[in-house]
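Descriptive structure summary
Each chain is listed here by its residues.
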Amino acid sequence: MQATVKTFDDATRSGSVFLDDGAELAFDADAFDAGPLRLLRTGQRVNIVVDGGRITYVTLSTFPLP
């Protein structure tokens with residue numbers, strides 16, 4: 001699923017994204033650390049994996065999902 005980064009805190013490695021339907025979902029450090037990234041910027045397009053309403057994986061939209 002694709003989304004756009006709304007916020008990202010590099011100290012906590014957590015943030016939130018906007019889904020294409022306008023809904024906002026938060027992600028925690030575990031979801032960020034599951035992917036290969038070191039940093040995100042507001043407005044970046046990302047691929048996410050959602051399980052039970054919780055984001056479990058975040059990566060750039062150009063990277064494959066696991």
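Residues numbered from 1 in each chain as written. Predicted model: local features only at pLDDT ≥ 70, side-chain atom pairs only at ≥ 80, totals over all residues. Heavy atoms only, no water.

Notes on the pattern of salt bridges
One pass over the full model with this rule turns up 4 salt bridges. The partner of Glu24 in a salt bridge is Lys6, with the nearest N and O atoms 3.1 Å apart. Taken together, the residues span a long stretch of sequence, with Glu24 in strand β3 (residues 24-27) and Lys6 in strand β1 (residues 2-9) at a distance of 18 residues. Glu24 gets classed as partly exposed once you look at its relative accessible area, which sits at 42%. What makes Lys6 partly exposed here is its relative accessible area of 32%. The partner of Arg54 in a salt bridge is Asp28, with the nearest N and O atoms 3.0 Å apart. Within this pair, whereas Arg54 is found in strand β5 (residues 54-60), its partner Asp28 is found in the loop between β3 and α1 (29-34), the two being separated by 26 residues in sequence. By relative accessible area, which is 38% here, Arg54 ends up partly exposed. (Salt bridge = Lys/Arg side-chain N within 4 Å of Asp/Glu carboxyl O. Helix = DSSP H or I, 4+ residues; strand = E, 2+ residues; numbered from the N terminus. Buried < 20%, exposed > 50% of the residue type's maximum accessible area, 1.4 Å probe, protein only.)

Things to note about the sheet that holds β1
Overall, antiparallel pairing links the 5 strands, which are arranged β3-β2-β1-β4-β5 in an open sheet. The open sheet terminates on both sides in strands that have one partner only, identified here as β3 and β5. Going from strand to strand, the sheet's axes swing by 40 degrees on average, the running direction of each strand aside. Pairing analysis gives 4 bridges linking strand β2 (residues 14-19) to β3, with the strands arranged antiparallel. Each residue of the ladder has a partner; that of Gly15, found in β3, is Phe27. (Pairing = 2+ DSSP bridges. Axes fitted to C-alpha atoms, helices over the stretch in contact; angles between N-to-C directions.)

Some points on the packing of aromatic side chains
The final tally for this structure, using the stated rule, is 2 aromatic pairs. Relative to Phe27, the ring of Phe8 lies with its centre 6.3 Å away and its plane at 20 degrees, an arrangement referred to as stacked. Of this pair, Phe8 sits in strand β1 while Phe27 is found in strand β3, placing the two residues 19 residues apart along the sequence. What makes Phe8 buried here is its relative accessible area of 18%. Seen in terms of ring centroids, Phe8 and Phe32 are 4.8 Å apart; in terms of plane orientation they differ by 40 degrees. Their pairing is tilted. Residue Phe8 is found in strand β1, and its partner Phe32 is found in helix α1; the two are separated by 24 residues along the sequence. (Phe/Tyr/Trp six-rings, centres within 6.5 Å; stacked < 30°, edge-to-face > 60°.)

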